[in-house]
Every structure is written in C-alpha cells, then in structure tokens.
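Chain by chain, the residues:
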Amino acid sequence: MENKNKKKNTITIILLVLVLAALCLGIAAMVWTMTGHPLPAVGSLSSGSDPDSGASSVFSASSGTAVSPDLTEAVSENTSDVSAVSVSTPVVSDTPTPTPEPTPDPEKYNTGDVWALVLVNKEHPLPDGYIPQVTEVENNQSTDIRCADSLAQMLADCRAAGYNPLAISGYRTHETQELYFNNTVQMYVNQGMDEASAEAEAATSVAVPGTSEHELGLSVDIGTTANTDINSSQDNDPTQLWLQDNCWKYGYILRYPPEKSDITGIIYESWHYRYVGTTAAKVIHDENLCLEEYLQKYVEPFTSLDEINQAALASLEASGQAG
Ligand SMILES: [Zn+2]
C-alpha cells in the first residue's frame, strides 16, 4: 500500500518535472526570439524570404525575425500558453515620424490681418452678428475704424499726386444694402423685365443684401469730385488708374477686376476697393490674383474660411467693436 503510493508520487513528480522542463524550453525560445535572435532552423527552412518558395514561414520584415514553422508547431504542442505569444512574433514598429505642422509664409499671409480677410460673396454671406464699428472718413462715408486711417492716407496721397478722388459709398447697413438692391431691381422691372430676371440682373452689379462687402465695412466705392457716378464711366479716369496702381501699398485691392468676373461673380468695378491688409494686398497685386484666388492659394491651407469668420468675430469683440 505504502509502496504503491510512493510509486504514484514518483511518477507524478517526474511528470511535473517534464512539464516544467517543457515550459522553460518554451519560455527560453520566446525570450530568444523577442530579443531579436533568429531561432536555429529546424527541418527544411531554406529561405524564409524567397517569394517563389511559397514557404509558410513566419517572417517579419520589420523585425527581421524568422521563425521556423516546425519549431512554432513544436512549441505550441508542448505549451499551449506560450504558443500564442510565440506565433504572434512581436513586430518592432518604426517610431512614426510626426508630420510637421505647416506654417504660413509671413510674406504671403499675415495671420494678424485675418480679420481683414473675410470673404463675402454670393456663396459666403456675412458672418452672423458681424456689425463693425465704423467711423466717417469723408463725404459722409464711413469705414471700419481699423482701416479708416489707411483709406484716408491713400486718398490724401492720391490728391497729393494731382488727382481728385472722392469716397462715394463706404459702409452700408443691411437695410441700406436692401434699399440699393431693391431700387436696382425696380429699375430693371421698369425697363420691362420680369421680377426674377430683374433680380438676377441686379445681382450682377449690386450685391444681394447679406452678401455685400459694403456691409462688412472694409469696402469703399471711390469716384472723383468731377464724376460721382458709380459705373463704367470711371473705368479710364486717371484717378482710378492711380488708385489701381497704388492701392496695394495701403492694404487695398481693386476687388472686381475685369478678368476675374467668372471667379468673383461680379462685373468689373473700376471703383470698388476692398481693404485686406498690406501683406495680402501686395501678393494680390504682384501675382494678379483676386481675393478668392489668394485665399485658396495662401490662406486656406492653414485657415479655413469658417475659421477666418470666427477670428474676425473674435477680433471685433477684442477691439471693443462688437455692436
Ligand atoms: Zn462697391
């Protein structure tokens, strides 16, 4: 009886030792492979990387670790716990190189002028709640207080050069813009157009209320003391030619050039100037762009149109302009 028990105990101990030995072997193999050492080939593993051999060897190109399928099987038969780990050979992934944040070229985009880069057109109405604080420049015409000095300087320099500019129409409230638009529609209706055609025609020369740069407070129509008509009669006036050549120095652009009508959606307006800041104005002048093209090329890779609107609204509040 005692002998039988002793024999049984001995067999149990031997079995335990065998299992422990197998476990140790498995763990040792795992540690060996994890530390980047290839396991010695067992059986007929000729070339793990030979694409034509069709060998099903576990080969990780990134870790450079080849594991023989025979050995993997052998290990998994002995110790099922370890096999799960050794089959999924750890892949040492390369540290991802962080993509550097793109930064705007300060010669092309002055982020400090973002408030002056708001795009307002048919597709982009004024930002909600945008009511700038304005100040009169001349002739009962007002403009955003932040570009009023630039406008005054431009007009003064133009006069000093021998010309006779006059601000004809600056900031307009939404109501004033509505009045302008409706009057223009009425003019076409009186000429015999139906209402829809009259509105479409009016929209080519007077912005639909809510989509006018005049409501933004950054635009001004400039005529001359001799000619206050805002129409094509301004096109070849020497005063306009001086302004068109020099406005960029003051941060202004001729907003609707003749060759950009298909992009701006507005006919040539030889009298309509828009403040965009000196950096943007210079680029637009030098590269013969319109505002839409400038934004797309130099600003939108960094700041979306929505972000510009948000920044402009924030800037209104920061400068105590919100009203
Ligand atoms: Zn205008």
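Rules of the game
- Residues numbered from 1 in each chain as written.
- Predicted model: local features only at pLDDT ≥ 70, side-chain atom pairs only at ≥ 80, totals over all residues.
- Helix = DSSP H or I, 4+ residues; strand = E, 2+ residues; numbered from the N terminus.
- Buried ≥ 20, exposed ≤ 12 C-beta atoms within 10 Å, placed from the backbone.
- Contact = placed C-beta atoms within 7 Å.
- Core = buried A, V, L, I, M, F, W, Y, C linked by C-beta atoms within 7 Å.
- Pairing = 2+ DSSP bridges.

Things to note about the overall build of the chain
Inference 1: Of the regular secondary structure elements, the chain holds 12 helices and eight strands.
Inference 2: The buried share of the chain, reckoned over its 323 residues, is 30%.
Inference 3: In the chain, of all internal contacts separated by at least 6 residues, the share reaching a separation of at least 24 is 68%.

Quick word on unusual backbone geometry
Inference 1: The backbone phi angle of Asn140 is positive, close to 60°, even though this residue is not glycine.
Inference 2: Among the structural elements, Asn140 can be located in the loop between strand E3 (134–138) and strand E4 (141–144).
Inference 3: In this structure, Asn288 takes a positive phi of about 50° despite not being glycine.
Inference 4: Take Asn288: it is sitting in the loop between helix H10 (278–286) and helix H11 (291–299).

Quick notes on the nonpolar core
Inference 1: Counting residues in each nonpolar core, the largest one holds 43 residues, and the members touching the most others are Leu117, Ile253, Val276 and Ile284.
Inference 2: Of all the secondary structure elements, the ones that give two or more residues to this core are helix H4 (148–160), strand E6 (219–224), strand E7 (252–256), strand E8 (269–275), H10, H11 and helix H12 (305–318).
Inference 3: Here this core takes five residues from H11, the largest share from any one element.

Considerations on the pairing of E3
Inference 1: Pairing geometry for E3 and E4, over four bridges, is antiparallel. Residue Glu136 lies in a different strand from E4, and its bridge partner there is Ser142.
Inference 2: Counted between consecutive antiparallel strands, the loop separating E3 from E4 contains two residues, among which Asn139 sits at a positive phi close to 50°.

These figures capture arrangement, not role.
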